[in-house]
Amino acid sequence: MTERERPATPRVAVTRKLPETVEHRMAELFDAVLNRDDRAMERDALATAMADCDVLVPTVTDTIDAGLIAGAGERLHLIANYGAGFDHIDLQAARARNIVVTNTPGVLTDDTADMTMALILSALRRLAEGEKLVRSGKWRGWGPTGMLGRRVGGKKLGIVGMGRIGQAVAARARAFGLTVHYHSRSRIAETLEAQLGAVWHADLDEMLGCIDILSIHTPHTAETEHLIDARRIALLGEQVYVINTARGEIIEQDALIAALEANRIAGAGLDVYENEPLVDDRLTRLDNVVLLPHLGSATFEGREAMGHKVIANIRTWADGHRPPDQVLEGWA
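Residues numbered from 1 in each chain as written. Predicted model: local features only at pLDDT ≥ 70, side-chain atom pairs only at ≥ 80, totals over all residues. Heavy atoms only, no water.

(A) The overall build of the protein, seen in detail. In terms of helices and strands, the protein carries 13 helices and 12 strands. Against the globule reference of 20 Å for 332 residues, the protein gives a C-alpha radius of gyration of 22 Å, in line with a compact fold. Structurally, the protein occupies a C-alpha span of about 70 × 50 × 30 Å along its principal axes. Split into buried and exposed, the 332 residues of the protein put 47% on the buried side. When the accessible surface of the protein is split by element, carbon and sulfur atoms take 50% of a total near 16,400 Å². For the protein, the centre of its 37 positive side-chain charges and the centre of its 47 negative side-chain charges are spaced 5 Å apart. (Helix = DSSP H or I, 4+ residues; strand = E, 2+ residues; numbered from the N terminus. Rg over C-alpha atoms; globule rule 2.2 N^0.38 Å. Buried < 20%, exposed > 50% of the residue type's maximum accessible area, 1.4 Å probe, protein only. Areas by Shrake-Rupley, 256 points an atom, 1.4 Å probe, with all protein chains shown as cover. Lys, Arg positive; Asp, Glu negative; His and termini not counted. Charge placed at Lys NZ, Arg CZ, Asp CG, Glu CD.)

(B) Expanded view of the nonpolar core. Residues Leu214, Ile216, Ile228, Leu256, Leu260 and Leu283 are the most contacted members of the largest nonpolar core, which totals 28 residues. When residues in this core are grouped by element, the largest group, five residues, is from helix α11 (residues 253–261). Grouped together as the second largest cluster of nonpolar side chains are 24 residues, Val169, Tyr182, Ala198 and Ile243 included. (Core = buried A, V, L, I, M, F, W, Y, C linked by side-chain atoms within 4.5 Å.)

(C) Here's a closer look at the UniProt feature "domain: D-isomer specific 2-hydroxyacid dehydrogenase NAD-binding" (unreviewed entry) in the protein. Per the UniProt record, "domain: D-isomer specific 2-hydroxyacid dehydrogenase NAD-binding" (unreviewed entry) is annotated on residues 117–296. Here residues 117–296 runs as 33% helix and 16% strand, with 11 Å between its end C-alpha atoms. (UniProt positions renumbered as here; feature names shortened; annotations may be inferred.)

(D) Region of the structure containing the pairing of strand β1 (residues 11–14). When β1 meets strand β2 (residues 31–33), the two strands line up parallel, connected through three bridges. Across the sheet, the residue bridging to Val12 is Ala32, located in β2. Taken together, β1, helix α1 (residues 20–29) and β2 form a β-α-β motif whose crossover is right-handed. (Pairing = 2+ DSSP bridges. Right-handed = clockwise from strand over helix to strand, strands pointing away.)

(E) Structural view of helix α7 (residues 164–175). Between its first and last C-alpha atoms α7 spans 17 Å; for 12 residues at 1.5 Å apiece the expected length is 16 Å, and the two agree. For α7, the secondary structure elements touched by its buried residues are α5 (109–125), β6 (156–160), β7 (179–183) and α8 (190–196). Positive backbone phi, approximately 85°, marks Gly177, located one or two places after α7. (Expected span 1.5 Å × (residues − 1). Contact = heavy atoms within 4.5 Å.)

(F) Representation of the pattern of salt bridges in the model. According to the stated counting rule, one finds 20 salt bridges in the structure shown. What you see here is one network of salt bridges that share partners, running through Arg11, Asp31, Asp52, Asp54 and Arg75. (Salt bridge = Lys/Arg side-chain N within 4 Å of Asp/Glu carboxyl O.)

(G) Region of interest: unusual backbone geometry. That bond from Glu276 to Pro277 is cis: its omega, 5°, falls within 30 degrees of zero. Mapped onto the secondary structure, Pro277 falls in the loop between β11 (267–270) and α12 (281–284). Phi angles above zero are rare outside glycine, and His226 is one such case at about 50°. The residue His226 is located in the loop between β9 (213–216) and α10 (230–233) in this model.

(H) Layout of the environment of Leu256. Its place among the elements puts Leu256 in helix α11. Spatially, the C-alpha atom of Leu256 lies 36 Å from that of Ala47, the residues being 209 residues apart in sequence. Leave out the neighbours within four places in its chain, and Leu256 touches Ile233, Val242, Ile251, Ile265 and Leu270.

Have a look at this one:
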């Protein structure tokens, strides 16, 4: 599709209900087909939407695989993802069809970093257990040895993935008295390391053996699938807590559960899971795990900002220019 062929008012198919301010603006600017009841689309419904739109706006709940992309209509030329992660979209298949893919980076950084710190505090100080105890009516009052957790200050936090969110977590962690260690695809600038008080580990295995808290902030790709597998979980000490606000598939869930059940690690705080929205029953039976329903970006401000980024990407594309958040080749 050339610049001249790009429609002035593109048909935009949105797969989930978005904040009202975002939907209202989309309806003003585009021929928007909205999902009013907010039910996740089945595969057939996605195929129907993709057959008759210029732009698809999916979310993490939609698997846009090679088959759907191959069967999409000729007019589909932009997948404007509502979310920062794009592991649910087959980028190679989209590229083969000359379909541009965009995402919404940056606007979720602070919200996800805040949630990470909330999970760290909750896991170490047993906040979720305490809340359940009070609600159960079984609490019998304060005692010197009751509900003992772990002090946060002085612990070593290991961050896997030192991008925007990893850096924001590091900044917060330092304020809580945590020592920051990290492993990432590339080392950050020494000046930023000094600012964050962060220690670089070129070898992930080496870092895992010297930390008290492990926090995941790397994208989910073929290379990071089960990056934290049974072998690497075995490198963690009995005092270590595992925190994941990135993607469930980065951790080998069965191995994590086995370690938690056997008390080979101290606990976990999870906002994401393999096979979402299914949550393994074994996790729900464990007291040393804090479980959240993928709340990392769940703020009014964050979700509206995501929507406005989607709109900006669509408008820029419709004007014949490269969208500001086009997913780069190197991320495939």
